[in-house]
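Working through the structure, step by step
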Amino acid sequence: MAAQSPEKTLESLKTPLRLTLAGLWAERLMLAFWPLWVILLLGFSAAAFGVHELGPLLWLQIGAGAVALAAVVALAWGLWRFRKPTAEDALTRLDMSLPGRPISALRDTMAIGAADPASQGVWQVHLARMADRARAARPVQPDLRLSSRDPYALRYVALTAAVMAALFGSFWRVTEVTGLPPGAATAMPGGPVWEGWAKPPAYTGKPTIYLNDIAEGPLEVPVGTRIQIRVYGTDGLVVEQTVAQVAPPPEPPADGATPAVPQGLAGLTDLTVSQSGRLAIEGNGGRTWEVIATPDALPAVEVSGDIGREADGRFKQGFKASDDYGVVAGTVTISLDLAAVNRSHGLVIDPEPVAPVVLDLPMPVKGKRAEIAETLIDDISESILSNMPVKMVFSVSDAAGQTGSAEPYAVTLPGKRFFDPMANAVIEMRRDILWNRENATRAVQILKAMMYRPEDLSRSENAAKRLRVLIREMDKLNAAGPMTTEKRDEVVKELWDIAFMFEEGDLGSAYDRLQRAQDRLEEAIRNGASPEEIDQLMKEMQQAMRDYTRELGEEAQRNPQPPSEGGQEITGDQLQQMLDEIQRLMEEGKTAEAMALMEQLRQLMENLQVTQGQGQGEGQGNQSMKDLGETLKDQQGLSDDAYRDMQKGRNGEEGQQDPGELADRQRELRQRLQELQDGQLPGDGTEQGEAGRDALDRAEEAMRQAEEALEEGDLSGALDRQAEAMQEMRDGMQDFGEALAQEQREQGQDNGGTEQAGRVDPNAVDPLGREPGDAARIGSDNNMVQNDPDQRAQQLLDEIRRRSGEAERPDEELDYLKRLLDMF
């Protein structure tokens, strides 16, 4: 088959060539005139939405002129940019879309070798290949992308506005613009002489009604519906209505001129439906409706179910709410129900004003809100309202701003409960102080009584220490007068933290944690805790049980021992079965049986064989006395150094210490004494223990004065204050020693061996060489020399006596030496 000639091949490309040419026309028109059609679409959209109705005629004329000018500029710019596409342009575009530019090759001629048959053969083969490629040509799509020329996407804005105007605007409004310039206006031929719209409030979700499509008769719309009726031309149509209050006409201008009214418009009626009534357009082509205004019902809310308590103390309360168009928001106001409060103990006196607590109600995130059922979960355990009788008032509102409320709901508001006895007592004192600050003195007295031998109840030494510090601070606040609100808030915040520390405990051994978990669970059962609280405490006990059994297994592996006679063995599965049985009994409401099984479990755990090292050391009271003795010894050494410096200064000798160094040592001793006071001391809560603490307070004050004297270089004054501090420390230690001895006698440990253990240090002596007395008292009844003093103490005593006998010494120094001899 002979190959087609280049002319016939090009002839076969007419169809793709024409389509490519059309694409070039569209491409160049788009690139040149896109600003023009954007301006025209925006102008049409503005007119269809009635923007020309929002301002005076002058504004419209200025706007229309600006749009027209912009359109002329855009047209001129487009004409300048536009280049008419030709068939040659389309052929070139089509050729460039093919590999090897075959169309150009078919239109080429041989430059040399036309007379050579071999060259002619090669040329014909080349043309045949190019023709095959050319016949595969397809129309080239135009490049209509404008992103580089329209970075702000104005073309999309204009197109979207035009589509929205076509869907929701009115084409008749566009034709109004022609009637706005001065001159006679006529009704639009073939068009309506009036238009009307009824737009319900947005929150109803109902669509806008085009009144021209609504026949005469009843018309039901929600209250608040906005009705707009526009009359065109001058046909004498009048709008009459009794569905809304009409605003009074505007006041005339100050100069008395008549307000300007656009010519060609008979009027625009804009009203909001507030009641049922008649709406009529009187005149040729008018219409009448009996408007039925549907009122917006008040939202309603009610409490659903009983109030509950989460394991962590949060309360939960269900509620139901409804509204014809949907509930928007809601709140609950919680106030104290004073009439229902049991006015006993700290609640006997009248309370200070208690501000209600207002909480927001949870609302569904999605879906309709015509009817909702939700649960409020919140935690106000730190408020005075927690665990107190309250009244809860639930309120909800709708989009119209209407509010509906439920009847007051009287209930005891659940809050965080503490099952440790110490924690519970601290929380009660905190409540009393929040009730009325006059309870602060009573609360301090009760807290002091609680701190008498707190080791019998407390499982947190850190909490006990912080409580002692707080008690001292509250004593100072009470002595200064009524607490301020700020101080009250600081005190109750600290009490809350201390109660948590007591509740959680700082127990190191697994057995102690297990005992604590059992105690809390038993206390919760006795106090009628909620199922959630019981479940949480049961989980804590199960974890403590697992820790304890694991500790037993590790101890058995380290120190294997044969079981002793009468010992008990029990597996982890058996312990778990007992716990499961306790939980089952609680779920069935068999509290007595559960308590009995708990007691059996406690006895079983106490009887288990456990081989654990027990610390062999001095008791807390003896350690405190030893620390006080060391502090007194260091204070005596500082006093000796200060005395030597005073002597060297008077004699003009060198080698005096820096007064700042002495003051720093005094400050360190005072801080050490303060730390000892913040800790546990013998006889806390007893008369002797409190007397000892008062003596230490006076010693601390004397140390502070001595520190100030040392900073000022007044060595003589510092020595006097140091002597007072040491005497107060001795008096305090004597009180503590008697309190410690009393504790030991109460515990049945007042035999000879215990007396020896109760000493601060049986082999120690005080700074002046005296042996410690009985019951950890500093100094025995014997004098220093008879007690075999060490060499340093004897030398110090001889030196004091020698100097006291030198009459030429200053009177101030002789008085000080005499006081030292009287003391020792």
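Notes on the packing of aromatic side chains
Enumeration according to the criterion identifies nine aromatic pairs in this entry. For the pair F33 and F82, a centre-to-centre distance of 6.1 Å together with 40° between the ring planes defines the contact as tilted. Pair noted here: F33 is in helix 2 (residues 14-48) and F82 is in the loop between helix 3 (57-81) and helix 4 (87-96), with a separation of 49 residues, a long-range link. Here F33 falls in the buried class, since its relative accessible area comes to 15%. When the ring of W194 is compared with that of W289, the centres are 6.1 Å apart and the planes differ by 75°; the resulting orientation is edge-to-face. In this pair, W194 sits in strand 1 (residues 194-199) while W289 sits in strand 8 (residues 287-294), placing the two residues 95 residues apart along the sequence.

Concerning the environment of E290
Mapping E290 onto the fold places it in strand 8. Between the alpha carbons of E290 and R278 there is a distance of 4.8 Å; along the sequence they are 12 residues apart. Residues contacting E290, with those up to four places away along its chain left out, are G217, P218, L219, G277 and R278.

Concerning the pattern of salt bridges
A side chain of one charge can pair with a side chain of the opposite charge if their charged atoms are brought near each other. By the definition in use, this model includes 36 salt bridges. As a salt-bridge pair, R644 and D641 come within 2.2 Å of each other at their nearest N and O atoms. Of this pair, R644 and D641 both sit in helix 17 (residues 620-651), three residues apart, which is roughly one turn of that helix. By relative accessible area, which is 41% here, R644 ends up partly exposed. Taken together, the shared-partner salt bridges connect D664, R667, R670, E707 and E711 into one network.

Here we look at the sheet that holds strand 10 (residues 315-322)
The strand order across the open sheet formed by three strands is 9-10-13, and the pairing between neighbours is antiparallel. The outermost strands of the open sheet, each flanked by one partner alone, are strand 9 (300-309) and strand 13 (371-378). The sheet shows a mean angle of 20° between the axes of neighbouring strands, direction not considered. Sheet topology places strand 9 next to strand 10; seven bridges connect them, and they run antiparallel. Within strand 10, the residue paired with R309 across the bridge is F315.

Looking at the environment of V223
Relative to the elements of secondary structure, V223 occurs in the loop between strand 3 (217-222) and strand 4 (226-232). Remark: the alpha-carbon pair of V223 and Q275, spanning 52 residues in sequence, is separated by 6.8 Å.

So, helix 3
Note on helix geometry: an α-helix contains 3.6 residues per turn, so any two residues three or four positions apart are oriented the same way. Here helix 3 is 25 residues long and its end C-alpha atoms lie 36 Å apart, about the 36 Å a rise of 1.5 Å per residue gives. Among the residues of helix 3, those classed as buried are L60, A71, A74 and G78. Buried residues along helix 3 sit against helix 2.

Here we look at the sheet that holds strand 7 (residues 277-282)
Pairing between sheet strands relies on hydrogen bonds along the backbone, with the strands arranged either parallel or antiparallel. Spatial strand order, 3-8-7-5: four strands in an open sheet with mixed pairing. Two strands lie at the open edges of the sheet, namely strand 3 and strand 5 (238-241), each paired on one side alone. Here the strands of the sheet are splayed against their neighbours by 25° on average, with no regard to which way each runs. Relative to strand 8, strand 3 runs parallel, the two being bridged by six bridges. Paired with P222 across the bridge in strand 8 is T294.

What to know about the packing of helix 2 against helix 3
The contact between helix 2 and helix 3 brings their axes to 7 Å, and the two run at 170°. Considering the angle they form, helix 2 stands roughly antiparallel to helix 3. Each of L31, A32, F33, P35, L36 and I39 in helix 2 lies in contact with helix 3, whose residues at this interface are V67, A70, A71, A74, L75, W77, G78, L79 and R81. Class assignment for the residues of the contact of helix 2 with helix 3 results in 13 nonpolar, one polar and one charged.

A few points about unusual backbone geometry
Non-glycine residue A153 carries a positive phi angle of around 55°. Summarising the element assignment, A153 is placed in the loop between helix 6 (117-135) and helix 7 (154-168). Even without glycine at this site, N387 takes up a positive phi of about 60°. Structurally, N387 can be placed in the loop between strand 13 and strand 14 (389-398). Given the relative accessible area of 31%, N387 is considered partly exposed.

Side note on the packing of helix 9 (residues 421-435) against helix 10 (residues 440-450)
The contact between helix 9 and helix 10 brings their axes to 9 Å, and the two run at 170°. Comparing the axis directions of helix 9 and helix 10 gives the class roughly antiparallel. Every residue of helix 10 that contacts helix 9 at M422, A425, V426, M429, D432 and I433 is listed here: A440, R442, A443, I446, L447 and M450.

Here is what the cut-offs are and how they apply
- Residues numbered from 1 in each chain as written.
- Predicted model: local features only at pLDDT ≥ 70, side-chain atom pairs only at ≥ 80, totals over all residues.
- Heavy atoms only, no water.
- Phe/Tyr/Trp six-rings, centres within 6.5 Å; stacked < 30°, edge-to-face > 60°.
- Helix = DSSP H or I, 4+ residues; strand = E, 2+ residues; numbered from the N terminus.
- Buried < 20%, exposed > 50% of the residue type's maximum accessible area, 1.4 Å probe, protein only.
- Contact = heavy atoms within 4.5 Å.
- Salt bridge = Lys/Arg side-chain N within 4 Å of Asp/Glu carboxyl O.
- Pairing = 2+ DSSP bridges.
- Axes fitted to C-alpha atoms, helices over the stretch in contact; angles between N-to-C directions.
- Expected span 1.5 Å × (residues − 1).
- Parallel < 35°, antiparallel > 145°, perpendicular 65-115°, else oblique.
- Nonpolar A, V, L, I, M, F, W, Y, C, P; charged D, E, K, R; others polar.

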